[in-house]
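Summary of structural features
Spelled out, the chains give:
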Amino acid sequence: MRRFFISFFLFLFLVPVFSQETIIVKNVRGKVEVKLPAQTWQPAKENMTLSKGTMIATGFKSEAVIDLGTSFVTVKPLTRMKLEELLRREDTIQTDIFLDFGKVTAEVKKTEGTKQDFKLKSPVSTAAVRGTIITYDMYSVFVKDGYCDFLNRLNQKRRIAAGEGSFTIGIDLPETTRENKRNTFWVSAVTGEELFPANRGPSATGDIVVVWE
């Protein structure tokens, strides 16, 4: 019996402490809906508490700000995403967000004594954020402040610093372009937003522009 209690207390001491962080809808503009696990779609409301596994969708000219405690995510118009993980493990906060389509802006705060493992993911790419502000739309990323690692589907990556952007179609190595060197632009088919010089984008026989905003 004594050996059992010693083993039990050693188990409690050695196993990392896990806790789910609180997710709150901070701001809603236009048509925004959420789908909590095992529930149907419903209108999002300010101060609504969400949970891991929640899906969020925005309509035309609609937007939502999600408060993740040590980070904020602005869900842009015509976007659908899923909150896959928000977990505190000892001194690390793990955040995983999956983007089905559309665009988000993430602001990840630097907090003393806390490490951020924040990832924006899609079928095409992954942006691993470390205390920064970025805009991400599955195929591309632009870093306003700080830096992030931008990975394609093959886990090949580029380190993207403030004032830089990158693009990948999933199987090519992400390129890096500085904002102040842009002169000729191609346009994201996802967002209709000018991104990088045409000679740095993917090879194509023509351009398709879909303007959603």
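Details of the structure are given in the entry above.
Structural notes, computed from the coordinates. (Residues numbered from 1 in each chain as written. Predicted model: local features only at pLDDT ≥ 70, side-chain atom pairs only at ≥ 80, totals over all residues. Heavy atoms only, no water.)

Right, let's talk about the packing of aromatic side chains for a bit. Applying the stated criterion to the full structure yields two aromatic pairs. Centre to centre, the rings of Tyr136 and Phe150 are 6.4 Å apart; their planes meet at 80 degrees, and the pair counts as edge-to-face. Residue Tyr136 is located in strand E14 (residues 133–136), and its partner Phe150 is located in strand E16 (residues 147–152); the two are separated by 14 residues in the primary sequence. Of the residues examined, Phe150 reaches a relative accessible area of 0% and is grouped as buried. Measuring from centroid to centroid gives 6.4 Å for Tyr139 and Phe167, while their planes differ by 20 degrees, and the two rings are stacked. Note that Tyr139 is positioned in the loop between E14 and strand E15 (140–145) and Phe167 in strand E18 (residues 164–167), a separation of 28 residues in sequence. On the accessibility criterion, Phe167 (9% relative accessible area) is buried. (Phe/Tyr/Trp six-rings, centres within 6.5 Å; stacked < 30°, edge-to-face > 60°. Helix = DSSP H or I, 4+ residues; strand = E, 2+ residues; numbered from the N terminus. Buried < 20%, exposed > 50% of the residue type's maximum accessible area, 1.4 Å probe, protein only.)

With that settled, consider the pairing of E15. The sheet contact formed by E14 and E15 spans four bridges and is antiparallel. When the bridges of E15 are listed, Ile134 appears paired with Val143. Hairpin geometry of E14 and E15 is characterised by an intervening segment of three residues between the two adjacent antiparallel strands and by a positive phi of about 80 degrees at Met138. (Pairing = 2+ DSSP bridges.)

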